Amino acid sequence: MEKMLVGCFLLLLGHTLLLPAEARQWPRARSVSRGRHSRTHPQTALLESSCENKRADLVFIIDSSRSVNAHDYAKVKEFLVDILQFLDIGPDVTRVGLLQYGSTVKREFSLKTFKRRSEVERAVARMRHLSTGTMTGLAIQYALNIAFSEAEGARPLREHVPRVIMIVTDGRPQDSVAEVAAKARDTGILIFAIGVGQVDLNTLKAIGSEPHEDHVFLVANFSQMESLISVFQNKLCMAHMCSLLEHNCAHFCINTPGSYVCRCKQGYILNADQTTCRIQDLCAAEDHGCEQLCVNLLGSFVCQCYSGYALAEDGKRCVAVDYCASGNHGCEHECVNAEGSYACRCPKGFSLNADKKTCTKIDYCASPNHGCQHECVSTDDSYACRCLKGFSLNPDQKTCRRINYCALRKPGCEHECVNTEEGYYCRCRPGFRLGPDGKTCSRVDHCAEQAHGCEQLCLNTDTSFLCQCSEGFVINEDLKTCSRADYCLLSDHGCEHSCVNTDRSFACRCPEGHALRSDGKTCAKLDACALGGHGCEHSCVSSGDSFVCECMEGYLLREDGKTCRRKDVCQAVDHGCEHMCVNSGESYSCRCLEGFRLAEDGKRCRRKDICRSAHHGCEHICVPRGDSYVCKCSEGFILAEDGRRCKRCSEGPIDLVFVIDGSKSLGEDNFEIVKQFVTGIIDSLVVSPKAARVGLLQYSTQVRPEFALSSFGSARDMKKAVATMKYMGKGSMTGLALRHMFERSFTPAEGARPLSARVPRVAIVFTDGRAQDDVAEWAGKAKANGITVYAVGVGKAIEEELQEIASKPTDRHLFYAEDFSTMGEISEKLKQGICEALEASDGSQDSPAGELPKRGHQPTESEPVTINIQDLLSCSNFAVQHRYLFEEDSLSRSAQKLFHSTNPSGSPLEDKPDECKCENLLMFQNLANEEVRKLTQRYILFWFYVLEEMTQRMEALENRLRYR
């Protein structure tokens, strides 16, 4: 009683205080109608009745859609400033936050951002119009989940600080608002809904708190919003009874003007005492569909069955427990289920024996005098005659006559007419359904009418359907899913060694050292020469399972059975060759050094293409470049680190980060498809610390790094981590994930290679719906810092957001699919795009594969030239090649003799070996110096071209130096 008296007193006191305030507002309201310049600022009018010491958490939600023009947007900001004048703003009194929304939600400031009214006013003045869509429901959801969280400055519920939303909108929402607004109200948030212009009043009522006359307002235009200032002063400054009185509400207390009402959590309803709550009886309130029993749960219900019954798969029907199905009942004729057990029963005309299982027939028809034409049927105490199906008993009760109703009445059945004992009915052939007229038939499409679950193809049968697989696949044991066909296992392939599956068949393969015969199944052993490694200097001749080495004409086989020595004619004659003399049987021929070709006279040499003249070592293509050359690769390949070999683009270095949407809209089944999609991309790369490094982020309302670029050095470990990745299943904060990717994923600490290494940085962003935050800022920063971003959207993904995420041009970096069935096509396009990026990166790093010595004037073919001797001997790799040009023929002949000099015994000239054991090269250097001194102050041009590493060819180089 004392609490009620205190409540009444406070209520009367509130009205007493409010009436003068309202009275003071009326003259000012009239002055507004006389013009803008005669208007007294609301701050002056409300100073006397501000919400002093009023504790509240107030969040403004402002419609910033494109339908609000600049003038009206300025009016909204004026309205906000006027409302702030009578609020006592501070950390311990009223805290104020502000959101504005269009297609997305933008937080201008939170409840904890500002501590003084002047700071809030400046923040309102700085607001900028978004001018996009109208996602009102998304804004309320943001306020419920984030703006009123303790992290954003809201005070805990246990302090009973009123939570208030004031939302201003001028149009119809583009999303659902009723459900999320109800959730907000159920948590105790008081919502004031202000509509401007052509706003649906029912929409405002779905948003605002009850009673609607106190919380829902509609004005004709934005200029009329100032008429609501005094109304909101009274409502916001009024005492909150929930915090003043002991309300005894079991769940939530909701303030109303001068009083309060109790509200219950979702799944509960208010009892008659209007304070306590009970679980809502959904069984009584809804058409639950339960066949026997309905049992309430919190916010839901389940169906149950009586004893002796079990719940069917649909969760609603009940099926009797079949005790007779065990097969152990022993009944001779019929087993009947009873409650908790079973009983044996005999058919009519039989009696149950004392064992309660077997039956004895009571045969009244055993007498041959019954006279029945068709059948005699025993009854309990006699017998009766019965006709076969399609016949009727005559009046004598013994004989029968056939009745053909189908022929007599001609019913017009489309397929079949079936006679019954009393008439007929139409029947359709298997696979058809009888129409409503009872006569015509239509084909049954079981695949369309049922959730068939077939992974690939569904085929209708007469009574049901069958799942089938596409070509190259076979049906699994579950008769629904498909696996790629193992043709090697399914067929008698007949391969002699090994069988390899292809897309639609198989192929036989032979082991190393063997080749497939023309029958495509058996293998033939390759000859010993074709296997390589024979070591023959000139030619290899197969001999059974072995081989022998042979020399070219003009050469003799050495004692080692592999290398050849020249029959030296060049040494015995004055051959006149400008560069080299080559023995040829009983004669000789002139040859030019690499980079030159023989002139018409067969003795002098002319320069040729450097790519043809040098042992460039390019695996694919050699391209001349001035005095040097560069190696190039064919399409689909990039240059290896040595600048000569080529490797597939998938083997190239790349830092790749996946940004995967793990929101609840995706679903666990589709999340597994996304994991397969990621695994497919990884399979196309060569994962190693020197080649591809891969990282992965999963995000929903938060960002969870699954693994960094430095986490794994092999594809197997990486795919195992993808397979065990857990589905987050919450919100969709794509912008937060892009920020994490930009700020952390491509740092050296996470395993990214430095920018100086010029390794491509690529991010693949996957999403299936609208982001709950802004994506443009962090996507733009990532792209501006050299990260190539691919955007992959599926289902409800927003094209505008995908374009903001993807790199330019978007037609090569943006991929969209309506469902997950085309993920394979997107995967192949992504692989191709990554490959092209690697090729482009490789092309930007071209450097000469072979550098030739820099020189000044280049003599023409007819000019006399001079050379200097340079000692370019390199004992570490023996990469030495000699080229000679001589000014005069006599000088040329003298130099050529140097190549072919031998001692009197015929053995090659020898010199003491140096510490690097380059014996023959040092010998050549000493003999050349001696010959130059003999040629009387003539200049000799001596060019050395450094070739590729020739360790494996050292023996051949020695032979060439000895016998020239």
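Since the model is a prediction, treat every value here as computed from it, not as a measurement.

Basis of the calculations
Residues numbered from 1 in each chain as written. Predicted model: local features only at pLDDT ≥ 70, side-chain atom pairs only at ≥ 80, totals over all residues. Heavy atoms only, no water. Helix = DSSP H or I, 4+ residues; strand = E, 2+ residues; numbered from the N terminus. Buried < 20%, exposed > 50% of the residue type's maximum accessible area, 1.4 Å probe, protein only. Contact = heavy atoms within 4.5 Å. Areas by Shrake-Rupley, 256 points an atom, 1.4 Å probe, with all protein chains shown as cover. 1 Å grid on protein atoms, 1.4 Å probe; cavity = no way out; pocket = protein on both sides within 12 Å on 5 of 7 lines; lining within 4 Å. Points joined across faces, edges and corners; volume = space filled by probe spheres on them. Nonpolar A, V, L, I, M, F, W, Y, C, P; charged D, E, K, R; others polar. Domains from an automatic or database assignment. Axes fitted to C-alpha atoms, helices over the stretch in contact; angles between N-to-C directions. Parallel < 35°, antiparallel > 145°, perpendicular 65-115°, else oblique. Core = buried A, V, L, I, M, F, W, Y, C linked by side-chain atoms within 4.5 Å. pLDDT = per-residue confidence, 0-100. Pairing = 2+ DSSP bridges. Patch = residues over 30% accessible without salt bridge, like charges linked within 9 Å, V, L, I, M, F, W, Y side chains within 5 Å. Salt bridge = Lys/Arg side-chain N within 4 Å of Asp/Glu carboxyl O. Phe/Tyr/Trp six-rings, centres within 6.5 Å; stacked < 30°, edge-to-face > 60°. Lys NZ or Arg CZ within 6 Å of the ring centre and 35° of its normal. Polar contact = N/O pair within 3.5 Å; in protein donor to acceptor, adjacent residues only side chain to side chain. Disulfide = S-S within 2.5 Å.

**Q** Tell me about the overall build of the protein chain, residues and numbers included.
**A** When you go through the protein chain residue by residue, the secondary structure sums to 25 helices and 54 strands. Out of the 964 residues in the protein chain, the part that is buried amounts to 40%. Considering only contacts in the protein chain between residues 6 or more positions apart, those separated by 24 or more positions represent 53%. Within the structure as shown, the protein chain displays about 52,900 Å² of accessible surface, and the carbon and sulfur contribution to it stands at 50%.

**Q** Summarise the environment of Tyr555; cite the residues concerned and give the values.
**A** Structurally, Tyr555 is set in strand E37 (residues 555-557). Relative accessible area serves as the criterion here: at 17%, Tyr555 is assigned to the buried category. Between the C-alpha atoms of Tyr555 and His538, which are 17 residues apart in sequence, the distance is 9.3 Å. With sequence-adjacent residues up to four places away left out, Tyr555 is seen in contact with His538, Cys564, Arg565, Arg566, Lys567, Val582 and Asn583.

**Q** How would you summarise the layout of surface pockets if you had to cite specific residues and measurements?
**A** Approximately 990 Å³ is the volume found for the largest pocket. Leu138, Gln141, Lys664, Gly731 and Gln772 are the residues nearest the centre of the largest pocket, which is lined by 33 residues in total. Of all the elements in the fold, those that place two or more residues in the lining of the largest pocket are helix H5 (136-147) and helix H6 (178-186). The biggest single contributor to the lining of the largest pocket is H5, with six residues. For the lining of the largest pocket, a count of residues per class yields 11 nonpolar, 13 polar and nine charged. Taken domain by domain, the lining of the largest pocket gets at least three of its residues from each of domain 1 (56-237) and domain 4 (650-839).

**Q** How would you sum up the packing of helix H16 (residues 668-683) against helix H17 (residues 715-723)? Please name residues and give values.
**A** H17 packs onto H16 with a crossing angle of 170° between their chain directions and a minimal axis gap of 10 Å. The angle between H16 and H17 falls in the class roughly antiparallel. The segment H16 lies against H17, with Lys675, Val678, Thr679, Ile682 and Asp683 engaging Ala715, Met718, Lys719, Val722 and Ala723.

**Q** So what's going on with the nonpolar core? Which residues, and what values?
**A** Phe60, Phe79, Leu87, Met166, Phe232 and Leu236 are the most contacted members of the largest nonpolar core, which has 39 residues in total. Looking at which element gives the most residues to this core, the answer is helix H3 (residues 70-85), with six residues. For Phe232, the contacting residues outside a window of four places in its chain are Phe79, Ile83, Phe86, Met166, Phe192, Ile194, Phe217 and Cys237. Counting 34 residues, the second largest nonpolar core, distinct from the first, contains Leu696, Met725, Val792 and Met823.

**Q** Which residues make up the confidence of the model for the protein chain, and what are the values?
**A** Mean pLDDT over the protein chain stands at 78; residues scoring 70 or higher make up 78%. Mean pLDDT across the elements of the protein chain bottoms out in strand E53 (residues 882-885) (35) and peaks in strand E49 (residues 703-707) (96). Across residues 849-919 the pLDDT falls below 50, and counting only partners more than four positions away or on other chains, this stretch makes 161 contacts in the model. Below a pLDDT of 50 lies the segment residues 936-952, which in the model reaches 59 contacts outside its immediate sequence neighbourhood of four places, other chains included.

**Q** Kindly report on H5, identifying the contributing residues and their values.
**A** Buried residues dominate H5, accounting for nine of its 12 residues. For H5, every residue scored as buried is listed here: Thr136, Gly137, Leu138, Ala139, Ile140, Tyr142, Ala143, Leu144 and Ala147.

**Q** I'd like to hear about the pairing of strand E11 (residues 293-297), residue by residue, with values.
**A** Across five bridges, the pairing between E11 and strand E12 (residues 300-304) is antiparallel. Its bridge partner being in E12, Val295 is matched across the sheet by Val302.

**Q** Account for a nonpolar patch on the surface, naming residues and giving values.
**A** The grouping of Leu293, Tyr306 and Tyr309 at the surface amounts to a nonpolar patch, some 290 Å² of accessible area in total. Along the chain, Tyr309 falls in strand E13 (residues 309-311).

**Q** Give a description of the sheet that holds strand E52 (residues 814-817) that names residues and reports values.
**A** Spatial strand order, E49-E48-E47-E50-E51-E52: six strands in an open sheet with mixed pairing. Looking at strand neighbours, the two that pair on one side only are E49 and E52, the edges of this open sheet. Neighbour-to-neighbour, the strand axes of this sheet turn through a mean angle of 20°, independent of strand direction. The pairing of strand E47 (residues 654-661) with strand E48 (residues 692-699) spans eight bridges and is parallel. Its bridge partner lying in E48, Ile654 is registered against Ala692. Docked against the sheet, H16 engages E47, E48, strand E50 (761-767) and strand E51 (787-794), running at close to 175° with respect to E47.

**Q** Can you lay out unusual backbone geometry for me, pointing to particular residues and giving the numbers?
**A** The amide bond that connects Glu210 to the next residue, Pro211, takes the cis arrangement and shows omega of -5°. Tracing the backbone shows Pro211 in the loop between helix H7 (201-207) and helix H8 (212-215). Phi at Gln274 takes a positive value of approximately 65°, unusual for a residue other than glycine. As for its placement among the helices and strands, Gln274 is situated in the loop between strand E9 (268-270) and strand E10 (277-279). A positive phi angle, near 60°, is found at Leu479, a position not held by glycine. For Leu479, the position within the fold is in the loop between strand E29 (473-475) and strand E30 (482-484).

**Q** An account of the packing of aromatic side chains is needed here, citing residue identities and associated values.
**A** As enumerated under the stated definition, the model contains 10 aromatic pairs in all. Taking the centre distance of 6.2 Å and the plane angle of 40° together, the rings of Phe742 and Trp778 count as tilted. Highlighted residues: Phe742 in helix H18 (residues 734-745) and Trp778 in helix H19 (residues 776-784), separated in sequence by 36 residues. Judged by relative accessible area, Phe742 falls into the partly exposed class, the value being 22%. Residue classification places Trp778 among the buried residues on the basis of a relative accessible area of 12%. Aromatic rings pair up to connect Phe79, Phe192, Phe217 and Phe232 into one cluster. Stacked on the ring of Phe432, the Lys or Arg Arg429 has its end atom at 5.8 Å from the ring centre. For the cation-ring pair, Lys781 lies above Trp778, with the distance from its terminal atom to the ring centre recorded as 4.1 Å.

**Q** Could you give an account of the sheet that holds strand E5 (residues 189-196), with specific residues and numbers?
**A** Spatially, the six strands line up as an open sheet ordered E3-E2-E1-E4-E5-E6, and their pairing is mixed. One side of each edge strand has no neighbouring strand; the edge strands of this open sheet are strand E3 (105-109) and strand E6 (216-219). Direction aside, the axes of adjacent strands within the sheet are offset by 20° on average. Where strand E1 (residues 56-63) lies against strand E4 (residues 163-169), six bridges are found, and the strand directions are parallel. Across the sheet, the residue bridging to Ile61 is Ile167, located in E4.

**Q** So what's going on with the side chain of Ser209? Residues and values would help.
**A** Along the polypeptide, Ser209 turns up in the loop between H7 and H8. On the basis of relative accessible area, Ser209 is assigned to the buried category, the value being 2%. Side-chain polar atoms of Ser209 contact the backbone nitrogen of Ile191, separated by 2.9 Å.

**Q** Describe the pattern of salt bridges, naming the residues involved and giving the relevant values.
**A** All told, the structure shown has 20 salt bridges when counted by the stated rule. Among the salt bridges present, the one from Asp57 reaches Arg155, with a minimum N-O distance of 2.7 Å. Taken together, the positions of Asp57 in strand E1 and Arg155 in the loop between H5 and E4 put the pair 98 residues apart, joining distant regions of the chain. Comparing Asp57 with Arg155 shows no difference in burial state: the two are buried. Between Arg704 and Glu706 there is a salt bridge, with its nearest N and O atoms 3.0 Å apart.

**Q** How would you summarise the side chain of His813 if you had to cite specific residues and measurements?
**A** Following the sequence through the fold, His813 ends up in helix H21 (residues 810-813). A distance of 2.9 Å separates a polar side-chain atom of His813 from the backbone oxygen of Pro809. If we ignore the near neighbours within four places in the chain, the residues touching His813 are Thr788, Val789, Tyr790, Ala791, Ala806, Ser807 and Lys808.

**Q** For the state of the cysteines, give the residues involved together with the corresponding values.
**A** Inspection of the entire model under this criterion finds 28 disulfides. A disulfide bridge connects Cys324 with Cys335, and the sulfur atoms are separated by 1.9 Å. Linking Cys324 and Cys335, the disulfide has an S-S dihedral of approximately -75° and is accordingly described as left-handed. Linking Cys324 in the loop between strand E14 (318-320) and strand E15 (334-338) with Cys335 in strand E15, this pair joins segments that are 11 residues apart in sequence. Look at Cys335 and you get buried, because its relative accessible area is 19%.

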